[in-house]
Amino acid sequence: MNVNREKKEIQIKDLTDEFIKHDSFYLLDFIKLSASQSVELRKLLRENSYYFKVVKNRLALKALKQDFPEGLKEKFQGSTAIAFAPENPIGLAHLIRKFSNQNKILNVKGGLIEGQFLEGEKFDEIANLSCREDLMAKIGYLMVFPLIKLLRTWQAPLSSLGRLLSELKTKK
C-alpha cells in the first residue's frame, strides 16, 4: 500500500473521530490568513479549550457520516478550516467573530451547532447570543427577584414600627 494513501486514511479516521466526538463546529474560509495570524488564532482558541484544524475537503467529506446534512457537505469548497467546540459553541462563535473583526480575514461558511446545521449567514445571530452562563445567571435572577421584592415588602412595616418605637422611647 502507498505511504501517502496510508497517511490519508489515518487523517480520515482522525477526522471521523473528531466529527463523532464534537457535535458543534464551524467551517471557516481562511484564504487571507497569514501564518502569524494562524498561530495567534490557534493560541487564542487553545487557551479557551477550542481548537482549529485545516482540512483537505475531499478527506473531510469522506470522514463525514452519512447522517450529516447535505448543506454542510456543500460548504467544503475552497480553503477550509474547522473550529471545534467541545463544550460551548456560543463562546467559540464570540471568539471567532472577535478575531475576525480585529483582523478582517475570517469568513464563516457554515457549521453544526449541537447537531443542527448552521448557514454562514446565520453566524452573526449565533455570535450575538449570550453565553450559557450569562443566560443561567439571568434566569436565576428572574427566579429570585420576586422573593427579594416580597422580603422587602415584609421588612417595610417592621422597619417603620422600629422607627416609631424608637421615637416614642426618645420622647419619654
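How each quantity is defined
- Residues numbered from 1 in each chain as written.
- Predicted model: local features only at pLDDT ≥ 70, side-chain atom pairs only at ≥ 80, totals over all residues.
- Heavy atoms only, no water.
- Pairing = 2+ DSSP bridges.
- Helix = DSSP H or I, 4+ residues; strand = E, 2+ residues; numbered from the N terminus.
- Axes fitted to C-alpha atoms, helices over the stretch in contact; angles between N-to-C directions.
- Contact = heavy atoms within 4.5 Å.
- Buried < 20%, exposed > 50% of the residue type's maximum accessible area, 1.4 Å probe, protein only.
- Polar contact = N/O pair within 3.5 Å; in protein donor to acceptor, adjacent residues only side chain to side chain.

Participant: Looking at this structure, I do not really get the sheet that holds strand 2 (residues 51-55). What am I missing?
Facilitator: Across a sheet, paired strands are connected by hydrogen bonds in the backbone, their directions being either parallel or antiparallel. Spatially, the five strands line up as an open sheet ordered 2-3-1-4-5, and their pairing is antiparallel. At either margin of the open sheet sits one strand with a lone partner, and together these are strand 2 and strand 5 (116-119). The sheet shows a mean angle of 20° between the axes of neighbouring strands, taken without regard to direction. Across four bridges, strand 4 (residues 107-113) lies against strand 5 in antiparallel orientation. Within the sheet, the bridge partner assigned to Ile113 lies in strand 5 and is Gln116. On top of the sheet, helix 1 (residues 3-21) reaches strand 1 (25-29), strand 2 and strand 3 (80-84); it is set at about 140° to strand 2, its chief contact.

Participant: I tried to follow the environment of Ile90 on my own but got confused; where do I start?
Facilitator: If you trace the backbone, Ile90 turns up in helix 5 (residues 89-103). The class for Ile90 is buried, based on a relative accessible area of 13%. As a C-alpha pair, Ile90 and Ser24 span 66 residues in sequence and 9.6 Å in three-dimensional space. Once residues within four sequence positions are removed from consideration, Ile90 is found in contact with Tyr26, Ile126, Leu129, Ser130 and Cys131.

Participant: Quick question: what am I supposed to make of the side chain of Ser24 here?
Facilitator: By the secondary structure assignment, Ser24 is in the loop between helix 1 and strand 1. Separated by 3.5 Å, the side chains of Ser24 and Asp23 make a polar contact. Setting aside chain neighbours within four positions, we find Ser24 in contact with Phe84, Ala85, Pro89, Leu112, Ile113 and Glu114.

As far as function goes, none of this settles anything; it's purely spatial.
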